[in-house]
Amino acid sequence: METRQQGFLDSEPLREADEDLASEVNLNNPSMTEEEREEIQQELIKLEEEISTLKQVLSSKERQHAELKQKLGMTSLNELRNNLSRGWHDMQTSTAYKKTSETLSTAGQKTSAAFSTLGSAITRKLGDMRNSPSFKSFEEKVETTVSTIKTKVGGTGTGGSFEEVLSSAANASSQDTPTNNLTDDSERPC
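Residues numbered from 1 in each chain as written. Predicted model: local features only at pLDDT ≥ 70, side-chain atom pairs only at ≥ 80, totals over all residues. Heavy atoms only, no water.

**Student:** Just give me the short version of the packing of aromatic side chains, but keep the residues and values in it.
**Tutor:** Summed over the entire model, instances satisfying the criterion amount to two aromatic pairs. A ring pair is formed by Trp 88 and Tyr 97, whose centres lie 6.4 Å apart and whose planes are at 70°; its orientation type is edge-to-face. In this structure Trp 88 comes out as partly exposed when scored by relative accessible area, which is 48%. Taking the relative accessible area as the measure of exposure, Tyr 97 reaches 31% and is therefore partly exposed. Between the aromatic rings of Phe 135 and Phe 138, the centroid separation amounts to 6.3 Å while the plane-to-plane angle is 45°, which identifies the pairing as tilted. Remark: Phe 138 and Phe 135 occur in helix α5 (residues 133-153); sequence separation between them is three residues, near one turn of the helix. (Phe/Tyr/Trp six-rings, centres within 6.5 Å; stacked < 30°, edge-to-face > 60°. Buried < 20%, exposed > 50% of the residue type's maximum accessible area, 1.4 Å probe, protein only. Helix = DSSP H or I, 4+ residues; strand = E, 2+ residues; numbered from the N terminus.)

Structure (structure tokens):
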């Protein structure tokens, strides 16, 4: 079998016997006299009594604190709300928040300007395209096709401009769309 040497870093828990042995080693300090040891033990007992008294006083003060807050109507929710409000205010007044806010504002302004420039460029390009000879030729072909179709279908309509043809087509399609009222209210199931 393999034997293992125990070192300082082993994680075995201390047993009560080990604790007693450790306390005996500390108490049996050869440089300390019996009087000094008893004096230290008395001081330790006195400190433990003071700690116990202070715990009782603290508990009493905490109860009194809770009662006074209850009389004033202060609840944990109100305190939480006040703490969050105070924290939000502190954050807004911090230099990091102010710098971040300024940076985001500047970025928003630059983005807005870029979109505005882009929109202007697109509008200008569309205007240039509409005034181009290719588009004019296409517009004329559509107008002649529409007027030809109108005369063949049964009317002696005027050709009109491209805008008029498009708007009349849009009006006709919006009037032809069916509604969702397929059944009467009396026929609908409950």
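**Student:** Account for the confidence of the model for the protein chain, naming residues and giving values.
**Tutor:** Summarising the model, the protein chain shows a mean pLDDT of 78, and 69% of its residues fall at 70 or more. Within the protein chain, the element-level pLDDT minimum falls on helix α1 (residues 16-27), averaging 55, and the maximum on helix α2 (residues 34-72), averaging 94. (pLDDT = per-residue confidence, 0-100.)

**Student:** Outline the environment of Arg 130, listing residues and values.
**Tutor:** By the element assignment, Arg 130 lies in helix α4 (residues 95-130). A relative accessible area of 37% means that Arg 130 is categorised as partly exposed. If sequence neighbours within four positions are ignored, Arg 130 has contacts with Phe 135, Lys 136, Glu 139 and Glu 163. (Contact = heavy atoms within 4.5 Å.)

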